[in-house]
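Inside the fold
Here is how the chains run, residue by residue.
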Amino acid sequence: QHLRHVEKDVLIPKIMREKARERCSEQVQDFTKCCKDSGILMVVKCRKENSALKECLTAHYNDPAFYEECKMEYLKEREEFRKTGIPTKKRLQKLPTSM
């Protein structure tokens, strides 16, 4: 259950970013749409959408319960890798049907 420095500071925050983007999908879509519609002027025109997105993401990043949830997910993935030796990414891929 001991975490290395890279796990605490890189791998778990990576999971947090991915999950926070899923949970803030509405703000992500609004910001993306605004940027596509605004072109070069997006810096000026999309401030409201950008601040809403940052606020949503920051709320998740600063939530200790969310960190613990992501930490447990990481530990589960790590345990599975140690048992099988197969990374999660490869485990989730479909096997070829014709051999």
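All of these numbers come straight from a predicted model, not from anything done at the bench.

So, about the confidence of the model for the chain. Residues of the chain with pLDDT of at least 70 account for 90%, and the chain-wide mean is 88. Ranking the elements of the chain by mean pLDDT puts helix 6 (residues 88-92) last, at 67, and helix 4 (residues 47-61) first, at 94.

This part covers the packing of helix 1 (residues 5-23) against helix 5 (residues 64-84). Contact pair helix 1 / helix 5: the axes reach a minimum separation of 9 Å and the direction vectors enclose 115 degrees. As the angle between them shows, helix 1 and helix 5 are arranged roughly perpendicular. Where helix 1 crosses over helix 5, the two elements pack in a sense that is right-handed. On the side of helix 1, the interface is formed by E7, K8, L11, I12, I15, M16, K19, A20 and R23, while helix 5 contributes F66, Y67, E69, C70, K71, E73, Y74, E77 and R78. Of the residues contributing to the contact of helix 1 with helix 5, the split by class is nine nonpolar, no polar and nine charged.

All chains considered together, the criterion is met by seven salt bridges. Here R4 makes a salt bridge to E7, at a shortest N to O gap of 3.6 Å. On the accessibility criterion, E7 (1% relative accessible area) is buried. Between K33 and D37 there is a salt bridge, with its nearest N and O atoms 3.1 Å apart. Of the two residues, K33 and D37 both sit in helix 2 (residues 25-38), four residues apart, roughly one turn of that helix. Judged by its relative accessible area of 58%, D37 falls in the exposed class.

A rise of 1.5 Å per residue sets the reference length of helix 1, with its 19 residues, at 27 Å; its end C-alpha atoms lie 26 Å apart and thus fit the reference within 8%. The largest bend along helix 1 reaches roughly 25 degrees and is located at P13. Within helix 1, burial applies to E7, I12, P13, I15, M16, K19 and A20. Packing partners of the buried residues in helix 1 comprise helix 4 and helix 5.

Following the sequence through the fold, S38 ends up in helix 2. In this structure the side chain of S38 is engaged in a polar contact, spanning 2.8 Å, whose partner is the backbone oxygen of C34. Setting aside anything within four residues of it in sequence, one finds S38 in contact with K45 and C46.

Right, let's get into the nonpolar core. Core analysis: the biggest nonpolar cluster contains 13 residues, and I12, C70 and Y74 have the highest contact counts within it. Of all the elements in the fold, those that place two or more residues in this core are helix 1, helix 4 and helix 5. Among all residues touching Y74, those that are not within four sequence positions of it are L3, R4, E7, L11, I12 and I15.

Each value, and the rule that gives it
Residues numbered from 1 in each chain as written. Predicted model: local features only at pLDDT ≥ 70, side-chain atom pairs only at ≥ 80, totals over all residues. Heavy atoms only, no water. pLDDT = per-residue confidence, 0-100. Helix = DSSP H or I, 4+ residues; strand = E, 2+ residues; numbered from the N terminus. Axes fitted to C-alpha atoms, helices over the stretch in contact; angles between N-to-C directions. Parallel < 35°, antiparallel > 145°, perpendicular 65-115°, else oblique. Left-handed = near helix turned anticlockwise from the far one by under 90°. Contact = heavy atoms within 4.5 Å. Nonpolar A, V, L, I, M, F, W, Y, C, P; charged D, E, K, R; others polar. Salt bridge = Lys/Arg side-chain N within 4 Å of Asp/Glu carboxyl O. Buried < 20%, exposed > 50% of the residue type's maximum accessible area, 1.4 Å probe, protein only. Expected span 1.5 Å × (residues − 1). Bend = angle between axes of the 7 residues up to and from the residue. Polar contact = N/O pair within 3.5 Å; in protein donor to acceptor, adjacent residues only side chain to side chain. Core = buried A, V, L, I, M, F, W, Y, C linked by side-chain atoms within 4.5 Å.

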